[in-house]
Amino acid sequence: MSIIEVRGAALEYERTGSGRTLVWGHGLTMSRAADDAAPTIDWSRVPADLVRYDARGHGESTTTSELAGYGWDALAQDQLALTAALGIDRYISGGASMGCATALHAAVAAPERIEALILMIPPTGWETRAAQAEQYAKGADVVEHKGVDLMISARRAIAPPDPHVGDETYQDRRDAVLYAWDTGRLATALRGAAGADLPSRESIAEITVPTMILAWTGDPGHPQSTADELHSLIKDSTLSLASTKDELDSWSSRIAAFVASS
């Protein structure tokens, strides 16, 4: 593992493999280590010069005090600065949830540097964002003053995404991620996420690079409606929906094929 200082934060990253460069961002409250503990993507099957990093305030990267630094547009600037420091001029940008939103903002902010996009489980955006942002703000207050147990209980009351229905370990893995956090640090990340949103529809409609959208069903935090709208806005895009475990398991091979061909 290595560390690079960018924009007032020390970001820990790892770079493996060879081929076209793919820079991958994880979701909110996640990290490289959390993703590795319960991987959605089998990276050994993806032939790429793969850069994965812990976003600001997550994993082994530093927490900073300015909440604006956790907005998805700001996280995109972190990614662009990280890749520039690594000598990467153009790359495929991808990620899950928060990482997906980061990739979108990077493509809008620096279209000359992004050669393709992989958007996995796009999060709430635009009109659907306000309700989710309110949940994050309330969650930050809860974990800061009462710990993570109440937040975990509330999350367990919500059915898992369709591909994870019947997976008895799914909720346990999610709980373990939250228990690993320092509560003050987690509250900062949640409050930062409450101020984040996707780029405007007009900006997204100007994206011209090949884009693969991977979404699952049955998850109000990552609604199919966002994926559908991104697909309609980005001309050179494909959309694959997963409602079963088998469909979810196909994502590694889909990403590998996309990296090889886009």
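The text that follows walks through the structure, step by step, so that each part is easy to find. Treat the numbers as computed from the prediction; the structure is a model and nothing was measured.

Looking at the sheet that holds strand β2 (residues 9-16)
Now for step 1: Read from one edge to the other, the open sheet built from 8 strands follows the order β1-β2-β4-β3-β5-β6-β7-β8, with strand pairing classed as mixed. Strands with a single pairing partner mark the edges of an open sheet, and in this sheet they are β1 (2-6) and β8 (237-242). On average, adjacent strands in this sheet sit at an angle of 20° to one another, irrespective of strand direction.
Now for step 2: Note that β2 and strand β4 (residues 49-53) share 4 bridges and pair antiparallel. Bridged to T16 within β4 is L50.
Now for step 3: Sitting on the sheet, helix α2 (residues 72-85) touches β1, β2, β3 (21-25), β4 and β5 (91-96), and the angle it makes with β1 is about 120°.
Now for step 4: Contacts from helix α11 (residues 251-261) reach β3, β5, β6 (114-120), β7 (211-216) and β8 within the one sheet, and its direction differs from that of β7 by about 170°.

Considerations on the pattern of salt bridges
Now for step 1: Across all of its chains, the model carries 19 salt bridges by this definition.
Now for step 2: As a salt-bridge pair, D36 and R52 come within 3.1 Å of each other at their nearest N and O atoms. Of this pair, D36 sits in helix α1 (residues 32-37) while R52 sits in strand β4, and the two are 16 residues apart along the sequence.
Now for step 3: For R52, a relative accessible area of 6% puts it in the buried group.
Now for step 4: For D172, the salt bridge identified is with R156, shortest N-O distance 2.6 Å. On the criterion of sequence distance, the pair formed by D172 in helix α6 (residues 170-179) and R156 in helix α5 (residues 149-156) is long-range, its members being 16 residues apart.

Some words on the packing of α5 against α6
Now for step 1: One can describe the packing of α5 onto α6 by two numbers: an axis separation of 10 Å at closest approach and a directional angle of 155°. In terms of axis orientation, α5 runs roughly antiparallel to α6. Remark: the crossing between α5 and α6 carries right-handed chirality. Here α5 contributes D149, M151, I152, R155 and R156 to the contact with α6, which in turn contributes Q171, D172, R174, D175, L178 and Y179.
Now for step 2: For the contact of α5 with α6, the residue count by class is 4 nonpolar, 1 polar and 6 charged.

Some words on unusual backbone geometry
Now for step 1: Not every positive phi belongs to a glycine, and T29 is a case in point at roughly 70°.
Now for step 2: For T29, a relative accessible area of 10% gives the class buried.
Now for step 3: Of note, W126 is a non-glycine position whose phi angle comes to about 55°, a positive value.
Now for step 4: In this structure, W126 sits in the loop between β6 and α4 (129-146).

Looking at the packing of α2 against helix α3 (residues 98-109)
Now for step 1: Put simply, α2 and α3 touch, their axes get as near as 8 Å, and they point 75° apart. Relative to α3, α2 is oriented roughly perpendicular. Listed contacts from α3 to W72, D73, L75, A76, Q77, Q79 and L80 of α2 are M98, A101, T102, H105, A106 and A109.
Now for step 2: Residue classes in the contact of α2 with α3 are distributed as 8 nonpolar, 4 polar and 1 charged.

Considering empty space enclosed by the protein
Now for step 1: Scanning all chains against the criterion turns up 1 cavity of 30 Å³ or more.
Now for step 2: Within this model, the largest cavity holds a volume of roughly 60 Å³.
Now for step 3: Along the walls of the largest cavity sit G25, H26, Y53, A55, R56, L75, D78, M98, G99 and T102, which together make up its complete lining.
Now for step 4: Of all the secondary structure elements, the ones that give two or more residues to the lining of the largest cavity are α2 and α3.
Now for step 5: The dominant element in the lining of the largest cavity, judged by the number of residues it contributes, is α3, at 3 residues.
Now for step 6: Here the residues of the lining of the largest cavity are counted per class, giving 4 nonpolar, 4 polar and 2 charged.

Details of the environment of D175
Now for step 1: Tracing the sequence through the fold places D175 in helix α6.
Now for step 2: Sequence spacing of D175 and I152 is 23 residues, and the spatial spacing of their C-alpha atoms is 6.4 Å.
Now for step 3: The contacts of D175, once residues within four sequence positions are left out, are I152, R155 and R156.

As for the packing of aromatic side chains
Now for step 1: All told, the structure shown has 2 aromatic pairs when counted by the stated rule.
Now for step 2: Taken together, a centroid distance of 5.0 Å and an interplanar angle of 70° make the contact between W24 and W43 edge-to-face. One end of the pair, W24, is in strand β3; the other, W43, is in the loop between α1 and β4, and 19 residues separate them in sequence. Note on accessibility: W24 and W43 belong to one class, buried.
Now for step 3: Pairing W216 with W251 gives two aromatic rings, centres 6.2 Å apart and planes at 20°, and the pair type is stacked. Residue W216 is located in strand β7, and its partner W251 is located in helix α11; the two are separated by 35 residues in the primary sequence.

Here is what the cut-offs are and how they apply
Residues numbered from 1 in each chain as written. Predicted model: local features only at pLDDT ≥ 70, side-chain atom pairs only at ≥ 80, totals over all residues. Heavy atoms only, no water. Pairing = 2+ DSSP bridges. Helix = DSSP H or I, 4+ residues; strand = E, 2+ residues; numbered from the N terminus. Axes fitted to C-alpha atoms, helices over the stretch in contact; angles between N-to-C directions. Contact = heavy atoms within 4.5 Å. Salt bridge = Lys/Arg side-chain N within 4 Å of Asp/Glu carboxyl O. Buried < 20%, exposed > 50% of the residue type's maximum accessible area, 1.4 Å probe, protein only. Parallel < 35°, antiparallel > 145°, perpendicular 65-115°, else oblique. Left-handed = near helix turned anticlockwise from the far one by under 90°. Nonpolar A, V, L, I, M, F, W, Y, C, P; charged D, E, K, R; others polar. 1 Å grid on protein atoms, 1.4 Å probe; cavity = no way out; pocket = protein on both sides within 12 Å on 5 of 7 lines; lining within 4 Å. Points joined across faces, edges and corners; volume = space filled by probe spheres on them. Phe/Tyr/Trp six-rings, centres within 6.5 Å; stacked < 30°, edge-to-face > 60°.

By themselves these figures say nothing about function.
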